[in-house]
Amino acid sequence: MIYEYFLVFLGAAIPWLEIALVIPLGIVAGLSPFWVMVMAFVGNMLTVFALIIGFDKFKDWYTKRQEAKGKTVNKKSERAKRIWNKWGLPGLALLGPILIGTHIAAFIGMTLGATKKNTTIWLTISIGLWTLFFGIATALGFDFFTRAV
């Protein structure tokens, strides 16, 4: 049973899986909504913190990787820039988990000039709010459908 929560932790830590997918899957699988939300939050924040702390090295690596692939701009980056120009770091952080992913939101925000401190604060708030939203909505929705049957 503990390994299932560890899988939630790992799933939330992996970019592109993250909390929007992992929390509903964990709760629907019958795991405790509270522990699913805690493990998903910690898993996602751990890798976001690592990205923020190691941003400079990550930026160099990512830029070289994109250049090697022949890519210069992608749709997620363009969407993130539009959000940034309209809403700034708070908007990017709050919309990032559902539109582009938390890791990409952190990377883009810092690339566009946000400080590590502000990025950490806003992404912690965002991941916390989305964790609560996905966890509570799934738990209530799943409970509603199981009672109706």
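Look a little higher up for the structure.
Residues numbered from 1 in each chain as written. Predicted model: local features only at pLDDT ≥ 70, side-chain atom pairs only at ≥ 80, totals over all residues. Heavy atoms only, no water.

The geometry of helix H1 (residues 2-13) relative to helix H3 (residues 33-53) is characterised by a closest axis approach of 7 Å and an angle of 40 degrees between their N-to-C directions. Taken as a pair, H1 and H3 cross one another with a handedness that is right-handed. Contacts between H1 and H3 involve Tyr5, Val8, Phe9, Ala12 and Ala13 from the former and Trp35, Val36, Met39, Ala40, Val42, Gly43, Asn44, Leu46 and Thr47 from the latter. Partitioned by chemical class, the residues of the contact of H1 with H3 number eleven nonpolar, three polar and no charged. (Axes fitted to C-alpha atoms, helices over the stretch in contact; angles between N-to-C directions. Helix = DSSP H or I, 4+ residues; strand = E, 2+ residues; numbered from the N terminus. Left-handed = near helix turned anticlockwise from the far one by under 90°. Contact = heavy atoms within 4.5 Å. Nonpolar A, V, L, I, M, F, W, Y, C, P; charged D, E, K, R; others polar.)

With that settled, the discussion passes to a nonpolar patch on the surface. Taken together, Tyr3, Phe6, Leu7 and Leu10 make up a surface patch of nonpolar side chains, about 430 Å² in accessible area. If you trace the backbone, phenylalanine 6 turns up in helix H1. Accessibility expressed as a relative area gives 45% for phenylalanine 6, which makes it partly exposed. (Patch = residues over 30% accessible without salt bridge, like charges linked within 9 Å, V, L, I, M, F, W, Y side chains within 5 Å. Areas by Shrake-Rupley, 256 points an atom, 1.4 Å probe, with all protein chains shown as cover. Salt bridge = Lys/Arg side-chain N within 4 Å of Asp/Glu carboxyl O. Buried < 20%, exposed > 50% of the residue type's maximum accessible area, 1.4 Å probe, protein only.)

Before going further, it helps to examine H3. The α-helix advances 3.6 residues per turn, and as a result positions three or four apart in sequence lie on the same side. In a regular helix each residue adds 1.5 Å, so 21 residues correspond to 30 Å; H3 covers 30 Å between its end C-alpha atoms and thus fits that length. Of all the positions in H3, only Val36, Met37, Ala40, Gly43, Asn44, Met45, Val48, Leu51 and Ile52 are classed as buried. (Expected span 1.5 Å × (residues − 1).)

Function cannot be inferred from these measures alone, as they are strictly geometric.
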